[in-house]
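# Survey of secondary and tertiary structure
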Amino acid sequence: MSKKALITGITGQDGSYLAELLLSKGYEVHGLIRRASSFNTERLDPIYKDPHRADARLFLHYGDLADSVATYRLVDDVKPDEVYHLGAQSHVRVSFDIPEYTADVTGTGTVRLLEAIRAVAPKARFYQASSSEMFGLVQEVPQRETTPFWPRSPYGAAKVFAFWLTVNYRESYNLHASNGILFNHESPRRGETFVTRKVTRAVARIAAGMQEKLYMGNLDAKRDWGYAPEYVEAMWLMMQQDTPDDYVIATGETHTVREFIEIAFARAGLDWQKYIELDPRYLRPAEVDLLIGDPAKAKKQLGWAPKVTFRELVEIMVDADIELLRQERSGERVRG
């Protein structure tokens, strides 16, 4: 009998890659999606369009992490073996504009889900998508599982709340609950409002003569960037351990936003300095200057290590956005 997994945030970058991974392993996959006036399942298209997955067991359920009753009913109906909690208001800059909503969905939404699991599926294994943004004003370089948190955004603060809730439910109720402290991870499926995808889409448009400038914020911020499909594999590995625990998932390298821009524009044969303009509107009220993780524990206990290099990641994203734009302009790809 196949395992059943429930994924919140299944329509996001990580959720879609995780769904593909679990289906390839024979899981029955259930995903929580929010009702919207437009289609928001585009990232799941590769699953539906793959003829080898015609018998894939994927089920989508409408709901919202702000709704405790719906969350309870979903867990009760599915009775999952594994729950991957990826859903959140996950844009750091936006969290300053809507802090209450961010706290409710990203923080309290975790309470609702854990309470539902405790009540009706206590044997389910739980994965909490924690974030490197919890480290914020970093107290140690590199950041490890033992590094103190100092969040510098409502998003980071909400994630700290959800992290400690996960630990608390593990210790108080003996739930198999683990935190994956994932550092920045990107892919062609990254949301278009996030800085990396904003850059690679702009490169494609500038190369095609459809855009003249790209307006950016802090180019000196340093991040530890990895490849999303590899990071969802780490999530799965955590859930297969006999004992739940918390893990930093990172590359152990740091690069500036400027470096990302340089490689992205060079991939398209462009001089980035001709197109970049700074705009203070994109600066955070409180900046996180440096994030770099130490994945030693994940390597030792999970056998996990990143493979795609920083340059390869940037080039994968640029190539994908150039091809996407080509398809859009030729009418090969119709957005629903």
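This report concerns the structure included in the present document. (Residues numbered from 1 in each chain as written. Predicted model: local features only at pLDDT ≥ 70, side-chain atom pairs only at ≥ 80, totals over all residues. Heavy atoms only, no water.)

## So, the environment of R281
Within the secondary structure, R281 sits in the loop between β13 (276-278) and α10 (296-302). Sequence spacing of R281 and Y215 is 66 residues, and the spatial spacing of their C-alpha atoms is 9.4 Å. Here D279 takes part through its side chain, which lies 2.7 Å from a polar atom of the side chain of R281. (Helix = DSSP H or I, 4+ residues; strand = E, 2+ residues; numbered from the N terminus. Polar contact = N/O pair within 3.5 Å; in protein donor to acceptor, adjacent residues only side chain to side chain.)

## A word on the packing of aromatic side chains
Within this structure, the stated rule accounts for twelve aromatic pairs. Where F149 meets W164, the ring centres are 6.3 Å apart and the plane angle is 65 degrees; that geometry is what we call edge-to-face. You can see F149 sitting in the loop between β5 (125-131) and α6 (154-173) and its partner W164 sitting in helix α6, a full 15 residues away along the chain. Look at F163 and W164: their rings are 5.0 Å apart centre to centre, the planes differ by 90 degrees, and that puts the pair in the edge-to-face class. Residue classification places F163 among the buried positions, given a relative accessible area of 4%. Among the aromatic residues, those joined into a ring-pair cluster are F135, F149, F163, W164 and F183. (Phe/Tyr/Trp six-rings, centres within 6.5 Å; stacked < 30°, edge-to-face > 60°. Buried < 20%, exposed > 50% of the residue type's maximum accessible area, 1.4 Å probe, protein only.)

## A closer look at the pairing of strand β11 (residues 246-249)
Across the two faces of β11 the burial is the same, with D246 and V248 and Y247 and I249 all buried. As paired elements, strand β6 (residues 176-182) and β11 share four bridges and run parallel to each other. Each residue of the ladder has a partner; that of L182, found in β11, is I249. (Pairing = 2+ DSSP bridges.)

## Regarding the sheet that holds β5
Strand order in the open sheet formed by seven strands is β3-β2-β1-β4-β5-β6-β11, with parallel pairing between adjacent strands. Every other strand in the sheet has two partners, leaving β3 (58-62) and β11 as the edge strands with one partner each. The sheet shows a mean angle of 20 degrees between the axes of neighbouring strands, taken without regard to direction. Direction of pairing for β5 relative to β6: parallel, over a ladder of seven bridges. The partner of S130 across the bridge, within β6, is I181. Here helix α1 (residues 13-24) sits on the sheet in contact with β1 (4-8), β2 (28-33), β3, β4 (82-85) and β6, set at roughly 170 degrees to β1. (Axes fitted to C-alpha atoms, helices over the stretch in contact; angles between N-to-C directions. Contact = heavy atoms within 4.5 Å.)

## Digging into the nonpolar core
By size, the foremost hydrophobic cluster in this structure holds 34 residues, and its most contacted members are I7, L18, L22, V29, Y84, Y127 and I249. Contributing elements (two or more residues each) for this core: β1, α1, β2, β5, α8 (228-239), β11 and α10. No other element matches the nine residues that α8 contributes to this core. When neighbours within four sequence positions are excluded, Y127 is seen to be in contact with V83, Y84, H85, L86, S178, N179, G180, L182, M235, M238 and M239. With 26 residues, the next largest nonpolar core counts V203, L214, L219 and F265 among its residues. (Core = buried A, V, L, I, M, F, W, Y, C linked by side-chain atoms within 4.5 Å.)

## Examining the pattern of salt bridges
Enumeration according to the criterion identifies 21 salt bridges in this entry. Between R201 and E192 there is a salt bridge, with its nearest N and O atoms 3.6 Å apart. Under the relative-accessibility criterion, R201 is labelled buried at 17%. Residue class for E192 comes out partly exposed when judged on its relative accessible area of 39%. One salt bridge in this structure joins D319 and R267, with 2.7 Å as the shortest N-O distance. Of this pair, D319 sits in helix α11 (residues 310-330) while R267 sits in helix α9 (residues 257-267), and the two are 52 residues apart along the sequence. Given the relative accessible area of 39%, R267 is considered partly exposed. (Salt bridge = Lys/Arg side-chain N within 4 Å of Asp/Glu carboxyl O.)

## Section: the packing of α1 against α8
With their axes 9 Å apart at the nearest point, α1 and α8 run at an angle of 65 degrees to one another. When the axes of α1 and α8 are compared, the crossing they make is right-handed. Together, Q13, D14, Y17, L18, L21 and L22 of α1 and A228, P229, V232, E233, M235 and W236 of α8 make up the contact between the two elements. Per-class residue counts for the contact of α1 with α8 are nine nonpolar, one polar and two charged. (Left-handed = near helix turned anticlockwise from the far one by under 90°. Nonpolar A, V, L, I, M, F, W, Y, C, P; charged D, E, K, R; others polar.)

## Description of α8
Since one α-helical turn is 3.6 residues long, residues separated by three or four positions face the same way. In a regular helix each residue adds 1.5 Å, so twelve residues correspond to 16 Å; α8 covers 17 Å between its end C-alpha atoms and thus fits that length. Buried residues dominate α8, accounting for ten of its twelve residues. Taken together, the buried positions of α8 are A228, E230, Y231, V232, A234, M235, W236, L237, M238 and M239. (Expected span 1.5 Å × (residues − 1).)

## Comments concerning α9
Among all positions in α9, only V257, F260, I261, I263, A264 and F265 are buried. Contacts from the buried residues of α9 go to α7 (195-207), β8 (214-216), β12 (255-256), β13 and α11.

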